[in-house]
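# Commentary on secondary and tertiary structure
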Amino acid sequence: MDRFFPIAASEQAAGVDRLFTGLLIVAALVTLLVLVLILTFAIRYQRGSAAFRGPLPEVYRREFEVGWTAATLLLFLFLFWWASSINLSALVPPTGAMDIRIVAKQWMWKAQHGNGAREINEVHVPIGTPVRLTMESQDVIHSFFVPEFRIKQDVVPGLRTQTWFTATKLGTFQILCTEYCGTDHSAMRGRVVVMRAEDFATWLSGQAQGIEAAHRGAALFEAQGCAGCHAPTSSIHAPRLAGVFGSKVTLADGRTVTADQNYIRDSILEPGRDVVAGYEPIMPSYAEVLSEDELESLIAYVRSLGTTEAAQP
Ligand SMILES: [Cu+2]
């Protein structure tokens, strides 16, 4: 089976695979039956054969008709019940499930955890814990699909939809958008990272510390006068910092660098070294002013202003 199906990495997956196999078998059997009947009748009743061609005995006809109609009706009612019970259970999360909010937009998946931690195109979850995804769209209809979990749910503007899963395997699994949503629909991918419960707890509290550091950084950004130049409302010609983190920056001397942690750090400590193209080197050095902790907080703040992707309108 593993050769035909993607890995099954959630509790629901086995049920969906059984249903799929079951439907395949029923369809194959029906097809086979029809084929055999066509062949048998074609041969038995070919022109000139001696086979009996009159009407069936009365009782025979009635019983036959009622029998096979009832049997197929029951079979297909059973299939209906089987399939819908699986699909409905994918909609109703168990009580006490962990909550993650998913916001879809052209063309990315944003996730927010209960403690405020945010991710883009990544969702970290603990193994063995039911996770409920509450989903909204900011623009058009998208559809959240994790093949290895066998879950798929439309994400519709103006509507809040939900689905849930319990991951059963460690590792990363692809998120795909399965509702055509514009130019970069096929690139609207992400991944679910399934971690051990203790690793997840560490990761989540690390995220929380990042959020706190960013809050401290925001206060420092005002207190140290950064905002005086960098705020969008400032009259001084200085680059806006939203979306800088992770982006490619062109410098006055023509080089292009990636704005990673080190670049942001150097920009604050030695602003004269990597001057951004199109700006005067008027930013003062903060090497003597900031403590290491304050510097970290400011970097966390700049980072929280968003990566290039998040800053897209
Ligand atoms: Cu999409």
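See above for the structure.
Residues numbered from 1 in each chain as written. Predicted model: local features only at pLDDT ≥ 70, side-chain atom pairs only at ≥ 80, totals over all residues. Heavy atoms only, no water.

Looking at the secondary structure, you find Arg-273 in the loop between helix 5 (261–269) and helix 6 (292–304). When its relative accessible area of 47% is taken as the criterion, Arg-273 is described as partly exposed. Distance in space between the C-alpha atoms of Arg-273 and Leu-251 is 9.8 Å, their sequence separation being 22 residues. Those residues within four positions of Arg-273 in sequence are excluded, and the remaining contacts are Arg-255 and Asp-266. (Helix = DSSP H or I, 4+ residues; strand = E, 2+ residues; numbered from the N terminus. Buried < 20%, exposed > 50% of the residue type's maximum accessible area, 1.4 Å probe, protein only. Contact = heavy atoms within 4.5 Å.)

The subject of this paragraph is the layout of surface pockets. In this structure, the largest pocket encloses a volume near 960 Å³. If you list the elements that add at least two residues to the lining of the largest pocket, you get strand 1 (98–105), strand 2 (108–113), strand 3 (118–120), strand 4 (122–126), helix 3 (197–223) and helix 6. Per-element accounting of the lining of the largest pocket gives the leading share, 8 residues, to helix 3. Taken together, the residues of the lining of the largest pocket break down into 12 nonpolar, 12 polar and 6 charged. (1 Å grid on protein atoms, 1.4 Å probe; cavity = no way out; pocket = protein on both sides within 12 Å on 5 of 7 lines; lining within 4 Å. Points joined across faces, edges and corners; volume = space filled by probe spheres on them. Nonpolar A, V, L, I, M, F, W, Y, C, P; charged D, E, K, R; others polar.)

Bringing the coordination of the copper ion into the picture now. At the metal site, the copper ion is ligated by His-142 (ND1), Cys-177 (SG), Cys-181 (SG) and Met-188 (SD), and these contacts range over 2.0 to 2.6 Å. Each of the 4 donor atoms around the copper ion contributes to a set of angles spanning 89 to 126°, which defines the coordination as tetrahedral. Between consecutive donor residues of the copper ion, the sequence gaps follow H-x34-C-x3-C-x6-M. Note on Met-188: relative accessible area 1%, which makes it buried. (Donors = N, O, S within 2.8 Å, 3.2 Å for Na, K, Ca; no water. Tetrahedral: all angles 85-135°; square planar, octahedral: opposite > 155°, others 65-115°.)

What follows deals with the sheet that holds strand 10 (residues 190–195). With respect to topology, 5 strands assemble into an open sheet ordered 4-10-9-6-7, the strand pairing being mixed. The open sheet terminates on both sides in strands that have one partner only, identified here as strand 4 and strand 7 (151–155). The sheet shows a mean angle of 20° between the axes of neighbouring strands, taken without regard to direction. This element, helix 3, spans strand 4 and strand 10 of the sheet and lies at about 130° to strand 4. (Pairing = 2+ DSSP bridges. Axes fitted to C-alpha atoms, helices over the stretch in contact; angles between N-to-C directions.)

Counting residues in each nonpolar core, the largest one holds 30 residues, and the members touching the most others are Ile-100, Ile-102, Trp-109, Phe-144 and Phe-149. Counting residues in hydrophobic clusters, the runner-up holds 21 residues, among them Phe-245, Ala-259, Tyr-263 and Leu-290. (Core = buried A, V, L, I, M, F, W, Y, C linked by side-chain atoms within 4.5 Å.)

The geometry of an aromatic ring pair comes down to the distance between the two centres and the angle between the two planes. Counted according to the given criterion, the structure contains 8 aromatic pairs. Each ring, one from Phe-41 and one from Tyr-45, has its centre 6.0 Å from the other, and the planes form 55°; the classification is tilted. The exposure class of Phe-41 is partly exposed, given its relative accessible area of 46%. Look at Phe-221 and Tyr-301: their rings are 5.0 Å apart centre to centre, the planes differ by 50°, and that puts the pair in the tilted class. Highlighted residues: Phe-221 in helix 3 and Tyr-301 in helix 6, separated in sequence by 80 residues. The residues Phe-221 and Tyr-301 share a single accessibility class, namely buried. Ring-pair connections join several aromatic residues into one group, and the members of that group are Phe-78, Trp-81 and Trp-82. Residue placement shows Lys-152 over the ring face of Phe-145; its charged tip is 4.6 Å from the ring centre. (Phe/Tyr/Trp six-rings, centres within 6.5 Å; stacked < 30°, edge-to-face > 60°. Lys NZ or Arg CZ within 6 Å of the ring centre and 35° of its normal.)

Okay, the pattern of salt bridges next. The tally for this structure, following the rule as stated, stands at 12 salt bridges. Linking Arg-255 and Asp-274 is a salt bridge whose minimum nitrogen-to-oxygen distance equals 3.1 Å. Of this pair, Arg-255 sits in the loop between strand 11 (248–250) and strand 12 (256–258) while Asp-274 is found in the loop between helix 5 and helix 6, placing the two residues 19 residues apart along the sequence. Arg-255 sits in the partly exposed class, given a relative accessible area of 39%. Ionic pairing is found between Glu-296 and Arg-265, a salt bridge with its closest N-O pair at 2.7 Å. Here Arg-265 lies in helix 5 and Glu-296 lies in helix 6, a separation of 31 residues in the sequence. On the accessibility criterion, Glu-296 (35% relative accessible area) is partly exposed. Three or more residues are tied together by salt bridges with common partners; here these are Arg-101, Glu-136 and Arg-160. (Salt bridge = Lys/Arg side-chain N within 4 Å of Asp/Glu carboxyl O.)

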